[in-house]
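Residue-level structure breakdown
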Amino acid sequence: MSDLMVNQPSLLKPQIHIPPLFPQDSRGDMIRFGVIGYGYWGPNIVRNLHGQKNAQVLTVCDNSPSALARVRKAYPGIQTSSEPLEILRSTEIDAVAIITPVWTHYELAKMALENGKHVFVEKPFTSSSAQAEELVELAARKNLSIMVDHTFLFTGAVRKIRELTDSGVLGDLYYYDSLRVNLGLFQHDVSVIWDLAPHDLSIMDHLIKAEPEAIVATGEKHLNGVEDVAYMTLYFPRNVIAHINVNWLSPVKIRTTLIGGQKKMVVWNDLVSDEKVRVYDKGVQITSGEGIRDLLVSYRSGDMWAPQLEQVEALHVELEYFADCIIANKVPFNDGQAGLRVVRMLEAAEESIRKKGELVRL
Ligand SMILES: NC(=O)c1ccc[n+]([C@@H]2O[C@H](COP(=O)([O-])OP(=O)(O)OC[C@H]3O[C@@H](n4cnc5c(N)ncnc54)[C@H](O)[C@@H]3O)[C@@H](O)[C@H]2O)c1
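Report follows, based on the coordinates.

Parameters and conventions
Every chain begins its residue count from 1, and numbering advances along the sequence as written. Local features are withheld for residues below a pLDDT of 70 in this predicted model, meaning they are given only at 70 or higher, and side-chain atom pairs are given and counted only at 80 or more; totals for whole chains, interfaces and linings count all residues. With hydrogens and water excluded, all non-hydrogen atoms of the structure serve as input to the side-chain values. Joining through side-chain atoms within 4.5 Å is the link that ties buried Ala, Val, Leu, Ile, Met, Phe, Trp, Tyr and Cys residues into a set, and such a set is a nonpolar core. To sort residues, take the accessible area from a 1.4 Å probe on protein chains only and compare it with the maximum for the residue type: under 20% means buried, over 50% means exposed, and anything in between is partly exposed. Per the convention used, a helix needs a DSSP run of H or I reaching at least four residues, while a strand needs a run of E reaching at least two, with both numbered from the N terminus. Residue contacts follow a heavy-atom distance rule, with two residues in contact if any of their heavy atoms lie within 4.5 Å. Within 6.5 Å between ring centres, the rings of Phe, Tyr and Trp (the latter by its six-membered ring) count as paired, and their orientation is classed by plane angle as stacked under 30 degrees, edge-to-face over 60, tilted in between. By this definition, two strands are paired if DSSP reports at least two bridges between them. Lines fitted to the C-alpha atoms define the axes, with helices restricted to the stretch that makes contact. Angles between their N-to-C directions range from 0 to 180 degrees. In a helix, the anticipated span is given by 1.5 Å times the number of residues less one.

**Considerations on the nonpolar core**
- Within the largest apolar cluster, 76 residues are counted, with the highest numbers of intra-cluster contacts made by Ile-193, Leu-201, Met-232 and Leu-234.
- Here this core gets 10 residues from one element, more than from any other, and that element is helix α9 (residues 192–208).
- When residues no more than four places from it in sequence are discounted, the contact partners of Leu-234 are Leu-201, Met-204, Pro-212, Ala-214, Ile-215, Val-240, Ile-241, Ala-242, Ile-244 and Met-345.
- Counting 24 residues, the second-largest nonpolar core is a separate cluster that includes Ile-31, Phe-33, Ala-55 and Tyr-75.

**Topic: the packing of aromatic side chains**
- Applying the stated rule across the entire model yields seven aromatic pairs.
- Both rings, one in Phe-120 and one in Phe-322, keep their centres 5.9 Å apart while their planes meet at 50°; by these two values the pair is tilted. Here the residue Phe-120 occupies a position in strand β5 (residues 118–122), and Phe-322 occupies one in helix α10 (residues 314–328), the gap between them amounting to 202 residues.
- Their ring planes at 45° and their centres at 5.8 Å tell us that Phe-154 and Tyr-321 sit as a pair that is tilted. Here Phe-154 is found in the loop between β6 (146–149) and α8 (156–166), whereas its partner Tyr-321 is found in helix α10, with 167 residues between them in sequence.

**Focus on the side chain of Asn-334**
- Tracing the backbone through its elements, the reader meets Asn-334 in the loop between α10 and α11 (336–354).
- For Asn-334, the contacting residues outside a window of four places in its chain are Ile-146, Met-147, Val-148, His-150, Leu-153, Phe-154, Glu-318 and Tyr-321.

**With respect to the sheet that holds strand β8 (residues 214–221)**
- Reading across the sheet, the nine strands line up as β14-β13-β12-β11-β7-β10-β9-β8-β15 and stay open at both edges, with mixed pairing between neighbours. Sheet topology places β14 (296–305) and β15 (360–361) at the edges, where each strand pairs with a single neighbour.
- Pairing between strand β13 (residues 277–287) and β14: eight bridges, direction antiparallel. The residue bridging Gln-285 from the neighbouring strand is Ser-298, located in β14.
- Across the face of the sheet, α8 comes into contact with β7 (173–183), β11 (249–261), β12 (265–269) and β13 while running at roughly 175° to β12.
- Relative to β7, α9 is tilted by about 155°, and along the sheet it contacts β7, β9 (227–235), β10 (241–247), β11 and β12.

**Here we look at helix α6 (residues 102–114)**
- Over its 13 residues, α6 runs 19 Å from end to end, which matches the ideal 18 Å to within 8%, given 1.5 Å per residue.
- Residues of α6 that are buried include every one of Val-102, Thr-104, His-105, Tyr-106, Leu-108, Ala-109, Ala-112 and Leu-113, and no others.
- Looking at the buried residues of α6, the elements they touch are β1 (31–36), α5 (84–88), β4 (95–98), β5, α7 (129–141) and β6.
- Within two residues after α6, Gly-116 carries a phi angle of roughly 80°, on the positive side.

Interpretation note: all reported values are geometric properties and have no functional meaning in isolation.
Below, the structure is given as structure tokens:
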């Protein structure tokens, strides 16, 4: 039997009986998840998997007894375990969600893939691009799916901005400029770049649809040996430039992104409930005459409008999409390759910070 056939979810585990618990699922397909990690983010994953029409959580694993007690209290029907191997080797489980600290992702994801499981893994995908490349290759060889949780790609705001870029409303992109700052949450194992920048890097990857050619980054450590304040500049093809400011030492929380296009400009403030995304019909046009003194500058200052955004929880949409991709044997757009591109940018930023802001080419 070929690898492809072996790993078709419906063919792989003929011993799995799909119970008639979910009669609303017309395809009769139900992806059974094991979730590893129930700390800060894990409960959001379990809550959003629970109640999906095409997915079900069988077991949650965490090596903290208090985390498992929280699972049992919230979901008496879900099994708990302190041993990841119980999930990784279970013949009942089709997909594993890895919601543990970054340094554990590679080993857990590798074991999951080796045991024939599809993998949903938190951002950032891995601690190095070599690890990410190995996992991407392993998943391809076994015809298994990897989805990296770049949650923002599924928000109403990013979906709308992508629609505006794809349809040409913004025109050619000039820049992406993001301020993502707050006080904490301090991580012990990663810097603010590895913690917060994956959000912007994955959004840029999704909107600009090109990889940066070079990166400059600076940052500083003040408290616990990892950068807690950092600035990144990314040079993309076609003169698109991006800047990200990430900071765990800000007295206020700010999540504001400016996206400048030739025709329109966007201001996205993720912290407001109304008019998160505002589109400005503003711009500058320069026409040159004969000599440099004859530059004609005209400013356009038209309307501003705030498009309607979908209000569905991003993780709900994302996890439903992942289960759909597994069922239909489709590659998700936020796959291992997308996770690898983000890890490459993080590595380049780290190298530039080490060299005090030297340009690092990708
Ligand atoms: N997508 C997002 O917006 C988002 C938001 C927050 C965190 N995250 C990501 O989620 C991941 C987890 O972050 P967190 O803030 O929830 O961390 P956390 O430390 O709060 O929780 C991690 C949990 O995993 C458990 N754990 C660790 N290693 C384990 C192992 N080998 N086996 C079983 N259990 C293990 C710990 O006991 C803990 O309960 C990180 O990769 C982080 O970047 C993503």
